[in-house]
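So you can see what is in the structure, the chains are spelled out below.
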Amino acid sequence: MRKLALTIILIWIRIAYPYGARPEHVAADSVWLKSLQEKYQTIDSVFANVSWEFYTTGIWPDIPRKYYQMNSDLVLSRYSLKKYGRIQGEFGSPELNRAARQMYIRLLMGRNTYLPDFSGLGPSLARILINYRPSFDGDLRSRNYLAGILRDEPARERREKAWYSLNEVGSIIAPGLRELIWERNKLARETDHRDYYDFQLPSMGMNVDDLFEMLAILDSVSLEPYTQILQKTKLDLEIETVEPWDISFAYDRVKADLCPRDSLMIILNRTMLGLGFEMNNLGITYDLEPRSGKYQHDICFPVSVPDDIRVLANIDDDWGSYKALFHEVGHALHFSHIDQPRYILRASPAGCFSEAMAEISEMITEQPAWLTDYAGVPESNVRAAIAGIKEARIISLRYALAQVHFERELYRTDAEKPAELYWDIMLKFTMSSPHYDSDAWAAVPHYTERPVYMQNYIIADLIAAQTLAYLKRTKGSIVDNKATADFLIDNYYRPGASKDWFELVEEATGEPLNIKYYIGYILGR
Ligand SMILES: [Zn+2]
């Protein structure tokens, strides 16, 4: 009888608390978790608005001192970090455990980026990146202007000059960025990590060895086709070496006629409607016109998820503007459909997943049906257009591989000779001859603004290609099929950060992340 009673009690405990007996601290900690989320929500809202203003005007607005204080109290609280590290998985419900884990990651990552920025170095470099306009042909010129020369100018010396001007900001950023890298490494070494790269990547849920193993596969499969592309370019342009200022001229020029800027928003909205998205019903606002003082790259700001999402871009009459806007709108669609009651879960589960949502949208513009029905490419030219798109993807993969390897070595070598390192790695992956006189490496904004982020774009392409392959296999078409939006909203957008990115991918496509789909996407016929 006694034994029976014991069994019943044990079963009752298991049902009530599937993770074992509920620790006493849980009720109090749940309240604490909630209040921490509320604080984050307040601060995020203030700083998201400030960032929007900063990136669209180039001026950091005045905000009350108390918000800076609130932010540093949160980010620098060793108590919170230790406590969250200790109470992982003890909340008794999967939702609360997930929220606590995301909060822990948020605190950890916030600390990793906040501390080196505390000196003001990071923000002052960001200000240069936003505001700097180089002089070219006797005037201060925008990125779009110089990119236009790289794309359209037949005179090679002028393209070379434009390329140097475009990267001139690198020489102004470089000394400060090296200092920032030392600060970041110092922080990592305080916690016994080899360097900041090895410190940051695992807190993003990635393993350094696994990542570079995957990159090695992409390197080996893309080398031969890339070499052939270079060979063809050399013959076409009658040149000995393909230089960085030849790439855009060889590959972007042909598509310019297809992409007038005045039609961009109309085509975008029509495309999205075909997929099942009513863009006007979503809280997405746009700032698309280039101007002085405005950031010259493209960026999506989830100011308040899911109701207030803002897209910053700098559109021009070119293919790149289409791709860039579709990319940013992919981010915006993701954020504007997240449906989670807890604040900390109203986010992307990881940077690579967020970029994957953007890449899925960008890859819509690479589908044959989109090219004919939306971009007006004649049926007879579609094969050639797709072949060109694949070549452009192989080229950008080689550059992305170089940039990821460079960033890893940048931290490993304490940025000792970054320009040399950059050009040696560029030579290996892109076969561009070295230009040691250019600090082009420091003109890449991610190294300043979003350290250890570059690899996310590559993983994102793998996720996107696998997802599109699944959609084609199971739903027929992607373009002009409302099932596309339903699938993305249900499987990828709505869950926010309530699950890990690899779980979302596996559940949605029926298999874990598989590199074969992207390889097929860029190399298949
Ligand atoms: Zn993006």
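Residues numbered from 1 in each chain as written. Predicted model: local features only at pLDDT ≥ 70, side-chain atom pairs only at ≥ 80, totals over all residues.

## Focus on the overall build of the protein
Item 1. When you go through the protein residue by residue, the secondary structure sums to 24 helices and five strands.
Item 2. Against the globule reference of 24 Å for 525 residues, the protein gives a C-alpha radius of gyration of 24 Å, in line with a compact fold.
Item 3. Across the 525 residues of the protein, 38% fall into the buried class. (Helix = DSSP H or I, 4+ residues; strand = E, 2+ residues; numbered from the N terminus. Rg over C-alpha atoms; globule rule 2.2 N^0.38 Å. Buried ≥ 20, exposed ≤ 12 C-beta atoms within 10 Å, placed from the backbone.)

## Points about the domain arrangement of the protein
Item 1. Annotation of the protein at the domain level lists domain 1 (2–118), domain 2 (136–254 + 387–437) and domain 3 (257–379 + 454–523).
Item 2. Each partner contributes residues to the interface: domain 1 has six residues there, and domain 2 has seven residues.
Item 3. Here the side of domain 1 that touches domain 2 is composed, by residue class, of five nonpolar, one polar and no charged. (Domains from an automatic or database assignment. Contact = placed C-beta atoms within 7 Å. Nonpolar A, V, L, I, M, F, W, Y, C, P; charged D, E, K, R; others polar.)

## Remarks on the sheet that holds strand β3 (residues 284–287)
Item 1. Read across the open sheet, the three strands follow the order β3-β5-β4; overall the sheet is mixed. What marks the edges here is a single partner per strand, and that holds for β3 and β4 (299–304). Across the sheet, the mean angle separating the axes of adjacent strands is 20 degrees when strand polarity is ignored.
Item 2. Pairing between β3 and strand β5 (residues 308–312): four bridges, direction parallel. What sits directly across from Y286, in β5, is V311.
Item 3. Strands β3, β4 and β5 of the sheet are contacted by helix α14 (residues 319–336), whose axis makes an angle of about 175 degrees with β5. (Pairing = 2+ DSSP bridges. Axes fitted to C-alpha atoms, helices over the stretch in contact; angles between N-to-C directions.)

## Brief notes about the confidence of the model for the protein
Item 1. Averaged over every residue, the pLDDT of the protein is 90; residues scoring 70 or more account for 93%.
Item 2. Scored below 50 in pLDDT, residues 3–22 makes five contacts in the model with residues more than four places away or belonging to other chains. (pLDDT = per-residue confidence, 0-100.)

## What about unusual backbone geometry?
Item 1. A cis geometry characterises the amide bond from V305 onward to P306, with omega recorded as 5 degrees.
Item 2. Tracing the backbone shows P306 in the loop between β4 and β5.
Item 3. If you check the backbone angles, V452 has positive phi at about 55 degrees while not being a glycine.
Item 4. Structurally, the position occupied by V452 is in the loop between α20 (445–449) and α21 (455–475).
Item 5. Of note, the phi angle at D480 is positive, near 55 degrees, even though the residue is not glycine.
Item 6. You can see D480 is positioned in the loop between α21 and α22 (483–493).
Item 7. In this structure D480 comes out as partly exposed when scored by C-beta crowding, with 17 C-beta atoms within 10 Å.

## Overview of helix α24 (residues 516–523)
Item 1. For α24, the set of buried residues is Y517, Y518, Y521 and I522. Looking straight down α24, one finds that the buried residues subtend no more than 120 degrees of arc, so they occupy a single side.
Item 2. Buried positions along α24 lie against α17 (382–412) and α21. (Arc of directions from axis to C-beta.)

## With respect to the packing of helix α8 (residues 156–166) against helix α12 (residues 244–251)
Packed helices, taken two at a time, are described by the angle between their axes plus the distance between the axes.
Item 1. Between α8 and α12, whose axes approach to 8 Å, the crossing angle comes to 115 degrees. What the angle tells us is that α8 and α12 run roughly perpendicular. The interaxial crossing formed by α8 with α12 has right-handed handedness. Each of R159, E160, A162 and W163 in α8 lies in contact with α12, whose residues at this interface are P244, W245 and F249.
Item 2. Its residues assigned to classes, the contact of α8 with α12 shows five nonpolar, no polar and two charged. (Parallel < 35°, antiparallel > 145°, perpendicular 65-115°, else oblique. Left-handed = near helix turned anticlockwise from the far one by under 90°.)

## Comments concerning the environment of C300
Item 1. Within the secondary structure, C300 sits in strand β4.
Item 2. With 23 C-beta atoms counted inside 10 Å, the residue C300 sits in the buried group.
Item 3. The spacing of C300 and R310 is 10 residues in sequence and 5.8 Å in space, taken between C-alpha atoms.

## Quick notes on α12
Item 1. Most of α12 is tucked away, with seven of its eight residues classed as buried.
Item 2. Here α12 has its buried residues at P244, W245, D246, I247, S248, F249 and A250.
Item 3. Contact partners of the buried residues in α12: α7 (143–152), α8, α11 (208–237) and α17.

## Observations concerning the environment of H337
Item 1. Tracing the chain through its elements places H337 in the loop between α14 and α15 (351–364).
Item 2. For the pair H337 and D307, spaced 30 residues apart in sequence, the C-alpha to C-alpha distance is 8.8 Å.
Item 3. Aside from chain neighbours lying at most four places away, what touches H337 is P306, I489, Y493 and R494.

## Considering the environment of R393
Item 1. Within the secondary structure, R393 sits in helix α17.
Item 2. Spatially, the C-alpha atom of R393 lies 23 Å from that of P434, the residues being 41 residues apart in sequence.

## Comments concerning the pairing of β4
Regular strands place their side chains on alternate faces of the sheet.
Item 1. In this sheet, β5 lies alongside β4 in antiparallel orientation, the contact comprising five bridges. When the sheet's bridge partners are listed, F301 is paired in β5 with R310.
Item 2. Here β4 folds back onto β5, and the loop between the two strands holds three residues.

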